[in-house]
Amino acid sequence: MTRLIRTALIQQRCGNDKGANLERSCAMIRRAAADGAALVVLQELHAGPYFCQVEDPALFDMAEPIPGAASRAIAGLAGELGVVVVASLFERRAPGLYHNTAVVFEKDGSTAGVYRKMHIPDDPGFYEKFYFTPGDLGFNPIKTSVGTLGVLVCWDQWYPEAARMMALAGADLLIYPTAIGWDPADGTAEQERQRDAWITVQRGHAVANGLPLLAVNRVGFEPSPLHPETGIRFWGSSFAAGPQGELLAEASREDEEILLVDLDLARSETVRRIWPFLRDRRIDAYGDLVKRFRD
């Protein structure tokens with residue numbers, strides 16, 4: 001028995017023109033739908049540049065409420081085309097309160113659910129703690145007509161706890177809109193180690209939870225607003241993995257791309273019967289996981 005769903009991972013370049021970025025996202029959604037996609041996933045913060053390279057209070061002006069102009073545009077398109085869309089937006093919740101938020105739109109254009117990024121990084125070039133309040137909605141998958149979606153965002157992808165929580169709540173697949181890349185000053189060997197680690201840890205989440213996984217990254221060089229000679233080169237490489245971590249498809253490191261992947265959501269049942277990790281979890285022995293460190 002199979003349960004096939006055609007998915008589209010939209011890997012996109014972004015510039016400073018928010019309207020142009022959103023228009024580009026919408027055009028790629030249309031192309032994906034024309035190719036039969038029932039589920040379309042956009043990259044992290046697809047409507048704008050990755051502004052977190054610097055700390056600048058003026059950049060909060062890029063945020064918008066939900067619903068707002070960008071979310072209404074995507075919602076309308078989802079309803080017009082009859083597809084489920086996962087979008088990623090800079091949410092203005094209240095004055096001085098902002099989130100990095102993923103919104104899932106049902107194929108009739110309604111909002112199926114919202115996820116606010118839980119893990120917020122603060123590293124050179126990724127100053128997200130300045131902009132984003134940690135999510136307060138927990139790890140709750142979103143039910144849609146194509147399945148129950150375990151939507152997480154970027155930095156969440158390094159945490160096995162987040163993937164596990166989504167799996168334990170009944171997610172059919174794991175989805176990670178992402179914005180990750182290299183400092184061009186890093187050597188080639190270090191760049192490869194970082195990219196390989198990013199792919200490997202997520203394939204591990206697929207294996208550990210017996211679930212397919214979609215990771216959708218942006219692509220291209222985005223200069224720092226303060227020092228245009230520096231910036232981040234996003235490495236693309238969007239990919240889909242099956243419930244045993246097998247790579248089903250992988251996008252370019254350099255180019256915009258619509259990566260189409262047919263997922264069999266029923267296969268998780270077969271995999272979990274032969275690798276029953278959820279059955280064998282020692283939930284009686286994991287209490288210390290809620291501690292910061294066992295010292």
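The structure this text deals with has already been given above.
Below, the structure is looked at part by part. Bear in mind that the values here come from a model prediction, so they are computed numbers and not experimental data.

What counts as what
Residues numbered from 1 in each chain as written. Predicted model: local features only at pLDDT ≥ 70, side-chain atom pairs only at ≥ 80, totals over all residues. Heavy atoms only, no water. Helix = DSSP H or I, 4+ residues; strand = E, 2+ residues; numbered from the N terminus. Buried < 20%, exposed > 50% of the residue type's maximum accessible area, 1.4 Å probe, protein only. Pairing = 2+ DSSP bridges. Axes fitted to C-alpha atoms, helices over the stretch in contact; angles between N-to-C directions. Polar contact = N/O pair within 3.5 Å; in protein donor to acceptor, adjacent residues only side chain to side chain. Salt bridge = Lys/Arg side-chain N within 4 Å of Asp/Glu carboxyl O. Contact = heavy atoms within 4.5 Å. Phe/Tyr/Trp six-rings, centres within 6.5 Å; stacked < 30°, edge-to-face > 60°. Lys NZ or Arg CZ within 6 Å of the ring centre and 35° of its normal. Expected span 1.5 Å × (residues − 1). Arc of directions from axis to C-beta.

Digging into the environment of Trp275
So, point 1. Relative to the assigned elements, Trp275 resides in the segment after α5 (267-274).
So, point 2. Residue Trp275 is classed as partly exposed on the basis of its relative accessible area, which comes to 35%.
So, point 3. Residues Trp275 and Tyr131, 144 residues apart in the sequence, show an inter-C-alpha distance of 41 Å.

Some thoughts on the sheet that holds strand β15 (residues 239-241)
So, point 1. The strand order across the open sheet formed by six strands is β8-β9-β10-β12-β15-β16, and the pairing between neighbours is mixed. A strand with exactly one partner marks an edge of an open sheet, and here the two such strands are β8 (142-144) and β16 (247-250). Shown here is a sheet whose adjacent strand axes are inclined to one another by a mean of 20 degrees, direction ignored.
So, point 2. Pairing geometry for strand β12 (residues 213-217) and β15, over three bridges, is antiparallel. The residue of β15 that forms the bridge with Ala215 is Phe239.

Brief notes about the side chain of Glu44
So, point 1. Along the chain, Glu44 falls in the loop between β2 (39-42) and α2 (69-81).
So, point 2. Polar side-chain contacts of Glu44 include one of 3.0 Å to the backbone nitrogen of Ala179.

A closer look at the pattern of salt bridges
So, point 1. All chains considered together, the criterion is met by 21 salt bridges.
So, point 2. The residue Arg279 makes a salt bridge to Asp280 at a minimum N-O spacing of 2.7 Å.
So, point 3. You can call Arg279 exposed: its relative accessible area is 64%.
So, point 4. Sharing partners across several salt bridges, the network here consists of Glu91, Arg93, Arg116 and Asp136.

Concerning the sheet that holds strand β1 (residues 4-11)
So, point 1. Spatially, the six strands line up as an open sheet ordered β5-β4-β3-β2-β1-β17, and their pairing is mixed. If you trace the sheet from one side to the other, it starts and ends with β5 (111-116) and β17 (257-264), each paired once. The sheet shows a mean angle of 30 degrees between the axes of neighbouring strands, direction not considered.
So, point 2. Pairing analysis gives four bridges linking β1 to β2, with the strands arranged parallel. Bridge pairing links Ile10 to Leu42 in β2.
So, point 3. Helix α1 (residues 18-34) contacts β1, β2, β3 (84-94) and β17 of the sheet and is inclined by roughly 155 degrees relative to β1.
So, point 4. Across the sheet, α2 touches β2, β3 and β4 (97-105), and the angle it forms with β3 is around 160 degrees.

Observations concerning the packing of aromatic side chains
So, point 1. Inspection of every chain in the model, using the stated rule, returns 19 aromatic pairs.
So, point 2. Considering the side-chain rings of Phe51 and Phe90, the 4.7 Å spacing of their centres and the 25 degrees angle between planes classify their relative orientation as stacked. With Phe51 in the loop between β2 and α2 and Phe90 in strand β3, the pair connects residues that are 39 residues apart, well separated along the chain.
So, point 3. For Phe90, a relative accessible area of 7% translates into the label buried.
So, point 4. Members of the aromatic cluster, each reached through a chain of ring pairs, are Phe51, Phe60, Phe90, Tyr98, Phe130, Tyr131 and Phe132.
So, point 5. A cation sits over an aromatic face here: Arg218 above Phe234, 5.3 Å from the ring centre.

Thoughts on α1
So, point 1. Along its 17 residues, α1 runs 24 Å from first to last C-alpha, staying within 8% of the 24 Å computed at 1.5 Å per residue.
So, point 2. All of the buried residues along α1 are Asn21, Leu22, Ser25, Cys26, Met28, Ile29, Ala32 and Ala33. For α1, the angular spread of the buried residues around the axis is 165 degrees, confining them to a single face. Facing away from the buried side of α1 by over 90 degrees, the exposed positions are Glu23 and Ala34.
So, point 3. Those residues of α1 that are buried lie in contact with β1, β2, α2, β3 and β17.
So, point 4. Among the residues of α1, the N-terminal cap falls to Asp17, whose side-chain oxygen and the backbone nitrogen of Gly19 are separated by 3.0 Å.

Fair warning: the whole summary comes from geometry, so function is off the table for now.
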